[in-house]
Amino acid sequence: MAKLLMGKEVSARIKAELKTEVENLKKEGINPGLAVIIVGEDPASQVYVRNKERACEECGIYSEKYALPAETTQEELLKLIDELNNKSSISGILVQLPVPKHIDEKTIINAIAPNKDVDAFHPVNVGKIMVGNYDFVPCTPAGVMELIKESGIDVSGKECVIVGRSNIVGKPMAMLLLHENGTVTITHSRTKNLAEITRDADILVAAVGKPKFVTGDMVKEGAVVIDVGINRDEEGKLCGDVDFDQVKDKVGMITPVPGGVGPMTITMLMEQTYQAALRSLKG
Ligand code: NDP
């Protein structure tokens, strides 16, 4: 049986450390604050937002939640973001995606001040990640890197394969692994002979959004498998993008779903909110 990379435990430890750091920062007169905006009633988004609020409480981070009705116009949302960009008690702004269809996601992301963009979706922050000189990193890839570090694995020279090329997970994940000197391959829905490529991976990151997509024949013996997916199986049970039961006895390490990457994502959001506040202290 593979060693489980328990994000739940790692994130509990990081949050406890962060709580102390936040307390120390408050003594310097800086109170980290996160504003979370949610537009509409999407149930999954509501759960994510609630979890973010709870994590803020755990870490002693001040939070403001803006729950806006689904009919909110783009102009109204932009106005709120502008106010938050200029609000000194707020160090980080997060707009829970997806936003309703009548609102242009790119316009919203571009409106968030880059120095408060704790999700690192703004093109300025995306560009900084590309050149390897960044303040913010998208929370999920950041969490994955923490877990890889925890596992004691040196990425340098390793074959890293990512399944999925989204702006939120796949692409930034590739850049972070590249910065750690991994040999990185990004695969996607047009990739030919996917299993041949994934079988070469020392580190395989699955971010596909399809339940149990990565099967036992797609992984190498002893590989590290990071499962980013959050899906429901045919019985409605939470599952990842990796077929855990098929893979677990073949690979060396694997993140479970739930309890693997998921908790790390929120913890990284807390970390980045703290870092944003810290930078404001340093000017
Ligand atoms: P997207 O839907 O944005 O991207 C999915 C990617 O998978 C696309 O690049 C797509 O390729 C690729 N893909 C789809 N089908 C195949 C296939 N048959 N073969 C190879 N590649 C394929 O998803 P996200 O990146 O946003 O999320 C991925 C998963 O991670 C989801 O389950 C999501 O719920 C989860 N997630 C979990 C988080 C966490 O905190 N743990 C945070 C964010 C996401 P193409 O580009 O060609 O269409």
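For the structure, check the block above.
Residue numbering note: each chain is counted from 1, following its sequence as written. In keeping with the predicted nature of the model, local features appear solely for residues at pLDDT of at least 70, side-chain atom pairs appear and are counted solely at 80 or more, and the whole-chain, interface and lining totals rest on all residues. Hydrogens and waters are ignored; side-chain quantities use all the structure's heavy atoms.

Even after reading the chapter, I still don't get the pairing of strand β3 (residues 62-68), so can you show me in this structure?
Two strands pair if DSSP finds at least two bridges between them. The helix and strand labels rest on DSSP assignments: H or I over at least four residues marks a helix, E over at least two residues marks a strand, and numbering proceeds from the N terminus. Direction of pairing for strand β2 (residues 33-39) relative to β3: parallel, over a ladder of 7 bridges. Opposite I38, over in β3, you have A67 as the bridge partner. Viewed along the sheet, the connection from β2 through helix α2 (residues 43-59) into β3 turns out right-handed. Looking down the strands as they point away from the viewer, one classifies a crossover as right-handed if the path from the first strand across the helix to the second runs clockwise.

What's the story with the packing of aromatic side chains in this structure? I'm lost.
For any pair of aromatic rings, geometry is given as the distance between the ring centres together with the angle between the planes. When two rings of Phe, Tyr or Trp (its six-membered ring) have centres within 6.5 Å they constitute a pair, described as stacked for plane angles under 30 degrees, edge-to-face for angles over 60, and tilted for the intermediate range. Under the counting rule described, the total for this entry stands at 0 aromatic pairs. R279 extends its terminal NZ or CZ atom over the ring of F136, reaching a point 4.6 Å from the ring centre. Charge over a ring is defined by NZ of Lys or CZ of Arg lying within 6 Å of the ring centre and within 35 degrees of the ring normal.

Would you mind going over the site of the ligand with me for this structure?
Here, proximity means that at least one heavy atom of the residue falls within 4 Å of the molecule or strand. Around the ligand there are 22 residues in total, and R165, S166, H188, S189 and T265 lie nearest to it. Within the side chain of S166, one N or O atom sits 2.5 Å away from an oxygen atom of the ligand. Polar contacts here mean pairs of N or O atoms no more than 3.5 Å apart (in protein, one a potential hydrogen donor and the other a potential acceptor; neighbouring residues in sequence count only if both atoms are side-chain atoms). The side chain of S189 places a nitrogen or oxygen atom 2.5 Å from an oxygen atom of the ligand. For the ligand, the protein covers 71% of the area, taking 930 Å² as the surface of the free molecule. It is helix α10 (residues 261-282) that contributes the most residues to the shell around the ligand, 3 residues altogether. When residue character is reported, Ala, Val, Leu, Ile, Met, Phe, Trp, Tyr, Cys and Pro are called nonpolar, Asp, Glu, Lys and Arg charged, and the others, Gly included, polar. Along the lines of polarity and charge, the residues of the shell around the ligand split into 9 nonpolar, 10 polar and 3 charged. Per-residue and other accessible areas were derived by the Shrake-Rupley procedure at a 1.4 Å probe size, with only the shown protein chains allowed to occlude residues.

When you look at α2 in this model, what are you seeing that I'm missing?
With 17 residues, α2 should reach 24 Å at 1.5 Å per residue; the first-to-last C-alpha distance of 25 Å fits that figure. Working definition: with a 1.4 Å probe on protein chains only, accessible area under 20% of the residue-type maximum means buried, over 50% means exposed, and in between means partly exposed. All of the buried residues in α2 are S45, V49, K52, A55, C56 and C59. For α2, the angular spread of the buried residues around the axis is 120°, confining them to a single face. When the buried face of α2 is taken as reference, the exposed residues oriented beyond 90 degrees from it are P43 and E57. On the buried face of α2, the contacting elements are α1 (7-27), β2, β3, β4 (92-95) and α10. Note on α2: the residue one or two positions beyond its end, G60, has a positive phi of about 75°. Given a helix with a known number of residues, its expected span is that number minus one, times 1.5 Å. An arc is given here, and it is the one of the directions from the helix axis to the C-beta atoms. Only heavy atoms matter for contacts: two residues are in contact if any of them lie within 4.5 Å across the pair.

Looking at this structure, I do not really get the side chain of T72. What am I missing?
Its location among the elements puts T72 in the loop between β3 and α3 (74-85). Apart from residues lying up to four places away in sequence, T72 is in contact with V39, L77, H102 and I103.

Before we go on, may I ask you to explain the pattern of salt bridges in this structure?
If the charged atoms of two oppositely charged side chains come close together, the side chains can form a pair. Salt bridge, as used here: a side-chain nitrogen of Lys or Arg that lies within 4 Å of a carboxyl oxygen of Asp or Glu. A complete count under the given rule lists 9 salt bridges for this structure. Of the charged contacts, one joins R13 and E150 as a salt bridge, the two residues approaching to 2.3 Å between their closest N and O atoms. With R13 in helix α1 and E150 in helix α6 (residues 139-150), the pair connects residues that are 137 residues apart, well separated along the chain. For R13, a relative accessible area of 42% gives the class partly exposed. Owing to a relative accessible area of 36%, E150 belongs among the partly exposed residues under this scheme. Taking the shortest distance from any N to any O, the salt bridge between K248 and D249 comes out at 3.8 Å.

Looking at this structure, I do not really get the state of the cysteines. What am I missing?
In protein structure, a disulfide is the covalent linkage between the sulfur atoms of two cysteines. Two cysteine sulfurs form a disulfide in these notes if their separation is within 2.5 Å. In the structure shown here, the tally under the stated rule is 0 disulfides. Cysteine C139 is unpaired, with the sulfur of C56 as its nearest cysteine sulfur at 11 Å. Of the residues examined, C139 reaches a relative accessible area of 5% and is grouped as buried.

Just to check I follow, could you spell out the packing of α1 against α10 for this structure?
Each pair of packed helices gets described by two things: the angle between the helix axes and the distance between those axes. In this analysis, axes come from line fits to C-alpha atoms, helices being fitted only over the stretch in contact, and the angle between any two N-to-C directions falls in the range 0 to 180 degrees. One can describe the packing of α1 onto α10 by two numbers: an axis separation of 9 Å at closest approach and a directional angle of 20°. With respect to α10, the element α1 is oriented roughly parallel. The way α1 lies across α10 gives a crossing that is left-handed. Residues G7, K8, V10, S11, I14, K15, L18, E21, V22 and L25 of α1 pack against P263, M264, T267, M268, M270, E271, Y274, A277, L278 and L281 of α10. We call two directions roughly parallel when the angle between them is under 35 degrees, roughly antiparallel when it is over 145, roughly perpendicular when it lies between 65 and 115, and oblique otherwise. With the far helix as reference, a near helix turned anticlockwise by less than a right angle produces a left-handed crossing, and one turned clockwise produces a right-handed crossing.

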